[in-house]
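# Structure assessment
What follows is the residue order along each chain.
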Amino acid sequence: MTVSNGTPYSEALSAYQASAARPLKPAGDDTQTLLEQYHPDYRADTLDTIKVGPNSGDRCHRQLAELLQADARIDEADLAGAPVVKTDVLVIGGGGAGCAAALVARQAGAEVILATKLRLGDSNTVMAEGGIQASIEKSDTPQMHFDDTLKAGHFNAERELVAAMVKDGPDVIRWLIQQGMQFDLDEFGDLLTRRAGGTSANRVCYYRDYTGLEMMRVLREAVQNSDIDVWDYSPAVELLANESGHCAGAVLSNLKNCSYVQVVAKTVIIATGGIGRMHLNGFPTSNHFGATGDGLILAYRLGAKLRELDSFQYHPTGLAWPQHLAGSLITEGVRSAGTWLLNGHGERFIDELLPRDVVAAAILRECAEGRGITIEDGVCGVWLDTPGLELRNPGILQQRFPKLLNLGKKAGIDPSRSPLLIYPTLHYQNGGVVIDANGATTVPGLYCVGEASGGIHGKNRIMGNALLEIISFGRRAGEHAAAQRHNKGHKQVGLEHLSRLRRELTISGMPMERKSPMLFPDCAKFDDDADYDGLRRHRRNKVTQE
Amino acid sequence: MSQLNQVLLHESNRVGADLEAWFAAAGGQGLAKALAAPEAIIPLIREAGLRGLGGSGFPTYKKWGFVAAQSNSKEKYLICNGNEDEPGTFKDRILLQQAPHQVIEGATITALACGINHIIFYINPDQQKSIEAMREAVSQWQASEQIAAIEKVLGKTIEYRVLPSSGHYIGGEETAAIESVEGKFPFPRGKPPFPAESGVHGCPTLINNMETLSNVPHILRNGAEWFQGLGLGASTGTKIYCLTGDVLYPGAYELPMGTPLSTLINDYGGGMLLDKKLKAVFTGGPSNTLLTPKDLDVPLDYESVRERQSSLGTGAMIVISEGTGIVKRVSEYVSFFAHSSCGQCPPCKTGTHYAALLLSKIDTGQGSRADLDALENLCTILPGAGRCHMLDGALKVMESSLYHFRHEYEQALVL
Amino acid sequence: MSAENQQLVNVVIDGKAIQAPPSLSVIQALWHAGYPRVKGVGCLEGVCGSCRVLVRREGQEKVGMELGCQTLVEEGMQVLFLVFPNPTHHHYELGEIKNSWDVQAEFHRIFPEANSCRHCGGCYSACPKNINVELGVKLAGEGRFREAGELFVECIMCNLCMTGCPEAIAPNHVGLFARRVTAYFHARPSNLIHRLELLRKGELEVDCNSPGSQPDNAAN
Ligand SMILES: Cc1cc2nc3c(=O)[nH]c(=O)nc-3n(C[C@H](O)[C@H](O)[C@H](O)COP(=O)(O)OP(=O)(O)OC[C@H]3O[C@@H](n4cnc5c(N)ncnc54)[C@H](O)[C@@H]3O)c2cc1C
Ligand code: SF4
Ligand code: SF4
């Protein structure tokens, strides 16, 4: 994003004073123009049209398109000597969706291998704070949940999938409790719920500020205590196909001993999560280290169709400073409680309670037009006026936002006395791999669940639906995939589809230098498997300073 | 071979738990001298040059002096340390089983010198025979007429107690032993306060190794000059060396302090097994810097070994020949330490655990360069991070084996 | 780049002497210096427990255990990543515990070591979240699972207490057991149960073409 000079941080900070009243600047443009001019999704220069594969002709974010149309990381020759391991179900990804799928598949009697890139549970799931949607209150119905989800997604969601998910909601909560997950309960032992922005009923179940952490540690423990074979530090680098082009397993890179393993499976479930670490348009992200969109690439190469490849959620309040915390999420609740956003001149510039995409666009506008606050070359943001909130509601931060205070502590800033510099952060991938109600993709034998899948949120997601989706569809896919274990085995398993890919790429004149999936973010300087040990300083590291 | 077993392990002293036999073998004479002139004991010990033989080499008279000087406490404790749990060390159990009265008399003289009225024989519970022998010997003492004379000179009643330790290696550390005597888990305490001021139940407490105490009756009986004359060069007295590993005749050898390593190995140990070449010697705990073939000439006394950057420690000499993997040995010892860490200091527990994992990975042919790197980095970041010396000991073994035998580590790497 | 304007500090991370601006975490500092690092990196927000490090600050004897993504580099700091697996040796499935009256007995069967806590406090001093782990183990041993579990609310399962425990108690898994049985046996929310009942009876169908889900009605 281009940044004109704003007010320097120290200057803005000394000029800042908490105040109990600040009028809202009259809105200049209407929201549609604002979005079109400043929301990253609408920026034509960042979009591309896909030329190769099942989504040819579709609009897609340029960075994602580059990866979807890049060469594979491996060749058939790389598999020489690679051991072959057989199983019924291979689950790729160790977040909430992957664990749910693996647990259910195992329980249904299938042999399961769960391979994950980092350690089991290093995921976006563990970071979720807000909660999980399920219509359980008297004032609510699954129908209302359905309507809210469609509306929020600008009516782009797949109705059949949404219906399946909302009906699963209450049973998902029960299943989680049966795994040993706690939820916040009232004095009678009933589930407490709260309302998410843009919804019509209290529907979000939660455990403190730690819903994802609680969910993940419970599911991880359940997986580790089962007969599921867990392979950590084993990212999937390519899928395997059989003679009919059905998915037949995957090639995993065992980082611990720098070797490839071929897992031949009756069915494969992709649960690799989101794309935050692609840092689309150079944005910081709230996502975990492994969120590099690998699953999209793997599925696409095998011929699976994807959707909404131009729609991503930028959360308005990511921390912009200090640098080591850049992109960290500040929960929406802080704004809901009445915290203002202020630009470099100390003015409010947007109704803070408007939808996420609008607020994010407004922040970007302030920064672009020189009304932001700059701290260093390239780092710009606006104030999150937490001292103002505290002034109007003494004690509220301590009471309701302990985690924010904690974040402040790590940042060396006391949010009750000093405003926080914030900037939109890349948060969620709205689309993904096309699936049906069983989580099956358009490629036989291949399933996809969780953030990597698409169709459930349309073009925008409401808070709490992601955690619901991962368990709802994780279980569905696990069950269905396990049932396929009695199918006849594959006759021939290999990487035929890569030749097709390379042919198409060459014919379309695409560059072949770039390899995908990316596995690790650029900042980690990971080029090949030997970099796992991190011993040698990188050739690629150009000294960018001076 | 007349230099072998001149004093503590001399045939005539190894009479077992039989007080009469001990007195017949000239036992009791030292005690008699002590009773006659208790104030002369510490100066005599000083003149003789007796030092802590459990590993520290600290001048014994100084330690005693601190405790003796504590005049405001009526109760004083002596812990006779026989926790002996480290690999390759087995001298205390021989002394306790074969010459229990030697230790008891030594402890009694010590008590007279320092005004101590509680004597605790603190013994590794795995050494059942030692405990039995000591129990028997102690009851013989308590029934003897010596006690009245002792208590008269001391001016208070004297208590003897045999206490099995918890069996944790760490329980041999001074302050941990105190905790143990108090009935608690043997966690090493921070110093200060030093035990001499505040030990068992806050009372002045002296802690000496069994071997040190065993020397005391003989010094009293034969005088300081005699004791000095036993050692080679500037050293005094004898030392029981526990020789193990790839030699023909492993065993405990009491030899003049300062006997060269080569003499111990070749003349007493019968030379290297199968005539293999000597590769290294793990000394003491085994928690010290390794000795290598170029150190064969080193006189085994505290100063000389320290000059080679190592330490005599308990006197254990674990001899390794060509053909024995250094990595494997170090791996075994470090996992012993990882097991023994008491848990109080997370860097010690976690550090030794991590090191043990890395070593066993490398040793079993699964190690990568990163593992070796991590091992070296542990050696740089951890020293001094533990409350007692256990962590540093473990690091020293690792570090020196890395220094001398890096090629062996390198060869074992697969990635 | 943002790094310029800051005075660089000298740190040694995993044996590599590097320079980095003090606003970086130790992980970022390694990246900044051009070293690839993916081992022991996870959420980068202090909740996954991947990036355990040993830290010694200049002039200090003490070596602490911290999270690499939360620790900023300082002049003279030494850092070492603790990357090793922590397999647990306890295996259980909640479904095996048939009766909630048996939980305590089952606990002692599954975690026989929990009774041998020697109260060294190592688990507590190792915990980057300052959880009173030792007390948690004690409470669980007494069958006070709800109370024990409450102590572990912020536990990120970094396993530092587990490696630190000389009795191999796996205190964090004890804590998680306490939490799980509390939910498994005692969470019976009536609002949820009622909703499940209505769904079972088929009283809450979803109309995929409901009026509320049509673009033209979106205004309300
Ligand atoms: C900070 C934050 C807060 C959030 N808050 C909420 C909330 O309050 N409510 C809500 O509903 N949602 C929330 N979300 C969204 C939600 O957490 C995620 O969308 C959801 O958890 C995704 O689950 P998943 O299992 O699909 O993916 P993840 O949990 O991200 O798991 C993906 C797994 O796949 C692994 N993987 C990736 N690539 C590969 C590969 N090539 N090979 C093998 N393994 C691979 C990863 O390492 C990871 O373990 C939040 C997200 C973030 C980042
Ligand atoms: S209780 Fe143990 S696993 Fe949990 S955060 Fe503390 S040290 Fe880590
Ligand atoms: S580390 Fe283990 S033994 Fe020590 S206090 Fe904690 S649970 Fe008890």
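Predicted, not measured: the structure shown is a model, and the values here were computed from it.

### A look at the interface of chain C and chain A
Taken together, the contact pairs 75 residues of chain C with 80 residues of chain A. Overall, the association of chain C and chain A removes approximately 6800 Å² of surface from exposure, summing both partners, and the carbon and sulfur fraction of that is 52%. Counting the surface chain C buries against chain A, the share from its top three residues, Pro36, Val38 and Arg195 of chain C, is 10%. In this assembly, chain C and chain A are joined by three salt bridges. Residues Arg208 of chain A and Glu150 of chain C are paired through a salt bridge, measuring 3.2 Å at the closest nitrogen-oxygen approach. Here chain C and chain A share 31 residue pairs in polar contact (both at pLDDT 80 or more) between them. Only strand E2 (16-20), helix H1 (26-32), helix H7 (171-186) and helix H8 (190-200) of chain C provide two or more residues apiece to the side of chain C that touches chain A.

### A short note on the site of ligand 1
All names here are of chain A. Around ligand 1, 39 residues are found, and the nearest of them are Thr125, Gly130, Asp294, Glu451 and Leu467. Contact between ligand 1 and Gly464: an oxygen atom at 3.3 Å from a main-chain N or O atom of the residue. For the shell around ligand 1, the elements supplying multiple residues, two or more each, are helix H4 (96-107), strand E19 (420-429) and helix H14 (465-483). In terms of residues, the shell around ligand 1 owes the most to one element, H14, which gives four residues. Tallied by class, the residues present in the shell around ligand 1 amount to 13 nonpolar, 20 polar and six charged.

### A short note on the side chain of Asn191 of chain C
Among the secondary structure elements, Asn191 of chain C is positioned in helix H8. Among the polar contacts listed, one links the side chain of Asn191 of chain C to the backbone oxygen of Leu191 of chain A, at a separation of 3.0 Å. The contacts of Asn191 of chain C, once residues within four sequence positions are left out, are Ile136, Glu137, Asp190 and Leu191 of chain A.

### Focus on the nonpolar core
In summary, soluble globular proteins display a tendency toward joint burial of nonpolar side chains. Ile132, Leu176 and Leu239 of chain A together with Ile13 of chain C are the most contacted members of the largest nonpolar core, which totals 268 residues. Here the element with the most residues in this core is helix H10 (residues 356-368) of chain A; it accounts for nine residues. With residues near it in sequence (within four places) discarded, Ile132 of chain A still touches Val172, Ile173, Leu176, Phe183, Arg203, Val204, Cys205, Thr211, Met215, Gly464, Leu467 and Leu468 of chain A. Grouped together as the second largest cluster of nonpolar side chains are 59 residues, Ala34, Ala111, Ile116 and Ile119 of chain B included.

### Quick look at the domain arrangement of chain A
Residue and element names in this part refer to chain A. As assigned here, chain A comprises domain 1 (7-38 + 316-426) and domain 2 (76-311 + 430-486). Summarising the inter-unit geometry, the C-alpha centres of domain 1 and domain 2 are found 32 Å apart. At the junction of the two partners, domain 1 supplies 14 residues and domain 2 supplies 16 residues. Of all residues in domain 1, the largest losses of buried area upon contact with domain 2 belong to Arg356, Lys403 and Leu426, amounting jointly to 50% of the total for that side. Across the domain 1-domain 2 interface, the total number found is zero salt bridges.

Quick notes on the rules
Throughout this document, residue positions are counted from 1 along each chain, in the order its sequence is written. Chain labels run from A onward and ligand labels from 1 onward, assigned in the order the entries are written. Selection of residues for local features in this predicted model requires a pLDDT of at least 70, selection of side-chain atom pairs for listing and counting requires 80 or more, and totals for whole chains, interfaces and linings are taken over all residues. To obtain the side-chain values, all non-hydrogen atoms of the structure were included, while hydrogens and water were left out. Two residues qualify as a contact provided that any one of their heavy atoms is within 4.5 Å of a heavy atom in the partner residue. Values labelled buried area give the accessible surface lost by two parts on being combined, using a 1.4 Å probe and summing over both. When a carboxyl oxygen of Asp or Glu is within 4 Å of a side-chain nitrogen of Lys or Arg, the pair counts as a salt bridge. For the purposes of these results, a polar contact is taken to be a pair of N or O atoms within 3.5 Å, where, inside protein, one atom must be able to donate a hydrogen and its partner to accept one; residues adjacent in sequence count only when each atom of the pair is a side-chain atom. Per the convention used, a helix needs a DSSP run of H or I reaching at least four residues, while a strand needs a run of E reaching at least two, with both numbered from the N terminus. Any residue with at least one heavy atom within 4 Å of a molecule or strand is counted as near it. Under the grouping applied here, Gly and all other residues not named as nonpolar or charged are polar, the nonpolar ones being Ala, Val, Leu, Ile, Met, Phe, Trp, Tyr, Cys and Pro and the charged ones Asp, Glu, Lys and Arg. Residue types Ala, Val, Leu, Ile, Met, Phe, Trp, Tyr and Cys, when buried and joined through side-chain atoms within 4.5 Å, form a set referred to as a nonpolar core. Exposure categories follow from relative accessible area, calculated using a 1.4 Å probe and restricted to protein chains: below 20% of the type maximum is buried, above 50% is exposed, and the middle band is partly exposed. Note that the domain bounds reflect an automated or database-derived domain assignment.

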